[in-house]
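Analysis of the macromolecular model
Read off the chains here:
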Amino acid sequence: MACSRLGLLRPTLSFVRSPLPTGTRVPPLLQHRCPHVAVLPPSYVRHYATKKSKAKAKGQTAKVNINAALVEDIISLEEVKEDMTAVLATLKDDFSRNLGIRTSPVYPLAILPPPGALDHITVTTKDGKFPLNQLGQISMKSPQLIVVNMTSYPEATTAVTRALQESSMKLNPEVEGTIIRVPIPKVTREHRENLAKLAKQFSNKAKESVRRVRSNALAQVKKAKEGSSEDTIRLVEKQVQQIAESYTADIDKQLATKTKELLG
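Quick look at the nonpolar core now. Counting residues in each nonpolar core, the largest one holds 31 residues, and the members touching the most others are I75 and M84. Secondary structure elements with two or more residues in this core: α4 (77-98), α6 (189-223) and α7 (230-263). Among the elements that take part in this core, α6 stands out by supplying 10 residues, more than any other. Contact partners of I75, with chain neighbours within four places excluded, come to V80, A217, Q220, V221 and V236. Grouped together as the second largest cluster of nonpolar side chains are 19 residues, L118, L135, A159 and A163 included.

The N-to-C vectors of α4 and α7 enclose an angle of 10 degrees; their axes lie 11 Å apart at closest approach. Between α4 and α7, the interaxial angle falls into the category roughly parallel. Contact with α4, carried on its side by L77, V80, K81, M84, T85, L88, L91, K92 and F95, involves Q239, V240, I243, A244, Y247, D250, I251, Q254, L255 and K258 of α7 and no other residues of that element. A class-by-class count of the residues in the contact of α4 with α7 yields 12 nonpolar, 3 polar and 4 charged.

The relative placement of two aromatic rings is captured by the distance of their centres and the angle of their planes. Scanning the entire structure with this criterion turns up 1 aromatic pair. Aromatic side chains F95 and F202 sit 6.4 Å apart centroid to centroid with 70 degrees between the ring planes, which places their arrangement in the edge-to-face category. You can see F95 sitting in helix α4 and its partner F202 sitting in helix α6, a full 107 residues away along the chain. You'll find F95 and F202 in the same group, each marked buried.

Another aspect to go through is the sheet that holds strand β8 (residues 179-183). Pairing in this open sheet of 4 strands is antiparallel, and the strands run β5-β6-β8-β7 from one edge to the other. Of all strands in the sheet, those with a lone pairing partner are β5 (137-142) and β7 (174-176), marking the two edges. Between one strand axis and the next, the sheet turns through 25 degrees on average, direction left out of account. The pairing of β7 with β8 spans 3 bridges and is antiparallel. If you follow E174 over to β8, its bridge partner there is R181. Helix-sheet contacts for helix α5 (residues 157-166) involve β7 and β8, and the interaxial angle to β8 is about 10 degrees.

The rules behind each value
Residues numbered from 1 in each chain as written. Predicted model: local features only at pLDDT ≥ 70, side-chain atom pairs only at ≥ 80, totals over all residues. Heavy atoms only, no water. Core = buried A, V, L, I, M, F, W, Y, C linked by side-chain atoms within 4.5 Å. Buried < 20%, exposed > 50% of the residue type's maximum accessible area, 1.4 Å probe, protein only. Helix = DSSP H or I, 4+ residues; strand = E, 2+ residues; numbered from the N terminus. Contact = heavy atoms within 4.5 Å. Axes fitted to C-alpha atoms, helices over the stretch in contact; angles between N-to-C directions. Parallel < 35°, antiparallel > 145°, perpendicular 65-115°, else oblique. Nonpolar A, V, L, I, M, F, W, Y, C, P; charged D, E, K, R; others polar. Phe/Tyr/Trp six-rings, centres within 6.5 Å; stacked < 30°, edge-to-face > 60°. Pairing = 2+ DSSP bridges.

Here it is as structure tokens:
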């Protein structure tokens, strides 16, 4: 009975399996009962990792999530986050003050600077450094012209003019007595590209600040090595690095968004 059933499966077995290798032994019982059926030994297949999967595994690092309260005697992770958050806030402020492009429906080729864009330009005088809005009265006469009235501090007119010229907005002020006229540049492709380069500079500056916070934090962790285990120190260092990488990624996102806004 068994022999007849195996005989029916022979075409299938012949199609799936190859003949027995030379020297392979077949159980005597099967040889006696079913001499026409080839019985194959089990085959074993070893699966190798592909290059793609290896590269993916190599690029991934285990996430670390330490309870900040447990390592307060080593470092305050919350303070590290606060310092890096301040860096990101400064970057957003720089983007808002210096790189805003708003066009006028009446003058579509004119750039309307963000509200208060000139207010906080730092002016260096013989009496110290002051924000522009404390020295002169700023007003927008038209979408193409801002006027700074220096009647209150005429002696600072030259210093204000120089500060406007050296600002990140690359302005070209024109002086008439105590009145400083600031023409608003037209929106050209070249100007947009220059603003995009400036955005890159701001983001690089922010990344440097994040690295500085990270370096200071790691230096603080190293000082605590004597009173903590090596495993704990290593985990804290990984956590600090992970926080820094997260904020660096946020900076890249802010830059990508601003660049797309500027270049269209």
